[in-house]
Amino acid sequence: MAIINWATAKYEGLGKEGKGQVSTQSGALKQQPYGFNTRFEDKAGTNPEEQVAAAHASCFTMALSFALAKQGFSKGTLESKVDITLVKDGDGFAITKSEIRLDAKVPGISGEEFEKTAVEAKLNCPISKLLNCDVTLDITSFDGN
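Keep in mind that what you see is a predicted model, and the values were worked out from it rather than measured.

Conventions and cut-offs
Residues numbered from 1 in each chain as written. Predicted model: local features only at pLDDT ≥ 70, side-chain atom pairs only at ≥ 80, totals over all residues. Heavy atoms only, no water. Helix = DSSP H or I, 4+ residues; strand = E, 2+ residues; numbered from the N terminus. Pairing = 2+ DSSP bridges. Axes fitted to C-alpha atoms, helices over the stretch in contact; angles between N-to-C directions. Core = buried A, V, L, I, M, F, W, Y, C linked by side-chain atoms within 4.5 Å. Buried < 20%, exposed > 50% of the residue type's maximum accessible area, 1.4 Å probe, protein only. Contact = heavy atoms within 4.5 Å. Parallel < 35°, antiparallel > 145°, perpendicular 65-115°, else oblique. Left-handed = near helix turned anticlockwise from the far one by under 90°. Nonpolar A, V, L, I, M, F, W, Y, C, P; charged D, E, K, R; others polar. Salt bridge = Lys/Arg side-chain N within 4 Å of Asp/Glu carboxyl O.

Asker: Give me the lowdown on unusual backbone geometry, citing residues and values where you can.
Answerer: Unlike most non-glycine residues, Gln31 shows phi in positive territory, near 50 degrees. Following the sequence through the fold, Gln31 ends up in the loop between β2 (19-24) and β3 (32-34). For Asp42, which is not glycine, the phi torsion reads 60 degrees and is therefore positive. With respect to the helices and strands, Asp42 occurs in the loop between α1 (36-40) and α2 (48-70).

Asker: Give a description of the sheet that holds strand β1 (residues 7-12) that names residues and reports values.
Answerer: Pairing within the open sheet is antiparallel, and its three strands lie in the order β1-β2-β3. Only two strands of the sheet have a single partner each, and these edge strands are β1 and β3. Recorded for the sheet is a direction-independent mean angle of 25 degrees between the axes of neighbouring strands. Of the strand pairs in this sheet, β2 and β3 are connected by three bridges, and their pairing is antiparallel.

Asker: Now, about the nonpolar core: what can you tell me, with residues and values included?
Answerer: Within the largest apolar cluster, 23 residues are counted, with the highest numbers of intra-cluster contacts made by Phe60, Leu64, Leu68, Leu78, Leu102, Val106 and Phe114. Elements supplying a minimum of two residues to this core: α2, β4 (77-89), β5 (92-105) and α3 (111-124). Here this core takes six residues from α2, the largest share from any one element. Apart from residues lying up to four places away in sequence, Leu68 is in contact with Phe73, Leu78, Val106, Ile109, Phe114 and Thr117.

Asker: Explain the packing of α2 against α3 to me, using residue names and the numbers behind them.
Answerer: Helices that pack against each other are described as a pair by the angle of their axes relative to one another and the distance between those axes. In the contact formed by α2 and α3, the axes pass within 9 Å of each other and the chain directions differ by 130 degrees. Here α2 is positioned oblique relative to α3, judged by the angle of their axes. Two packed elements cross with a definite hand, and for α2 against α3 that hand is right-handed. Contact with α2, carried on its side by Phe60, Ala63, Leu64, Ala67 and Leu68, involves Phe114, Thr117, Ala118, Ala121 and Lys122 of α3 and no other residues of that element. Here the contact of α2 with α3 is composed, by residue class, of eight nonpolar, one polar and one charged.

Asker: Outline the pattern of salt bridges, listing residues and values.
Answerer: Inspection of every chain in the model, using the stated rule, returns seven salt bridges. With its nearest N and O atoms 2.2 Å apart, the salt bridge here joins Arg101 to Asp83. Here Arg101 is found in strand β5, whereas its partner Asp83 is found in strand β4, with 18 residues between them in sequence. According to the relative accessible area criterion, Asp83 is partly exposed, its value standing at 23%. Residue Asp143 is joined to Lys105 by a salt bridge in which the shortest nitrogen-to-oxygen separation is 3.1 Å. Of this pair, Asp143 sits in strand β6 (residues 134-143) while Lys105 sits in strand β5; the two residues are 38 residues apart in sequence, bridging distant segments of the chain. Classification of Lys105 as partly exposed rests on a relative accessible area of 38%. Put simply, Lys81, Asp83, Glu99 and Arg101 are held in one network by salt bridges that share partners.

Asker: Describe the environment of Thr96, naming the residues involved and giving the relevant values.
Answerer: When you line up the elements, Thr96 lands in strand β5. When its relative accessible area of 34% is taken as the criterion, Thr96 is described as partly exposed. Taking C-alpha positions, Thr96 is 5.7 Å from Thr85, a pair spaced eleven residues apart along the chain.

Worth remembering: the numbers are spatial, not functional.
Written out as structure tokens, the structure reads:
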């Protein structure tokens, strides 16, 4: 069974002067502005790296949630922040790293078991598999009580 989701992007004008809009199938993004100024000048709107970060954070967090549930845990809170690193690469740019920072509270699991499960979720999350860059995981806090 294949699940297909879609998004559209439209760009009017070219280069730095151009303005884009991105929309998603769900409507979560609907004609959301993006362009040079939202990507490199911190203007209002979104950018591709922010969207990749959101996809990776949500995918990893859900994968970990399901892995913990499969192990019999039913209560807890997982909060992930993903930093996407974009660097100059010749005449263009490259994403070189996706860094997951995880804060978690899962009563009843040992730190060792939690870390093993989190690392497996990082490796098996579909977005982690998609990214061809260094994907790291830093469990910034964990509470097993």
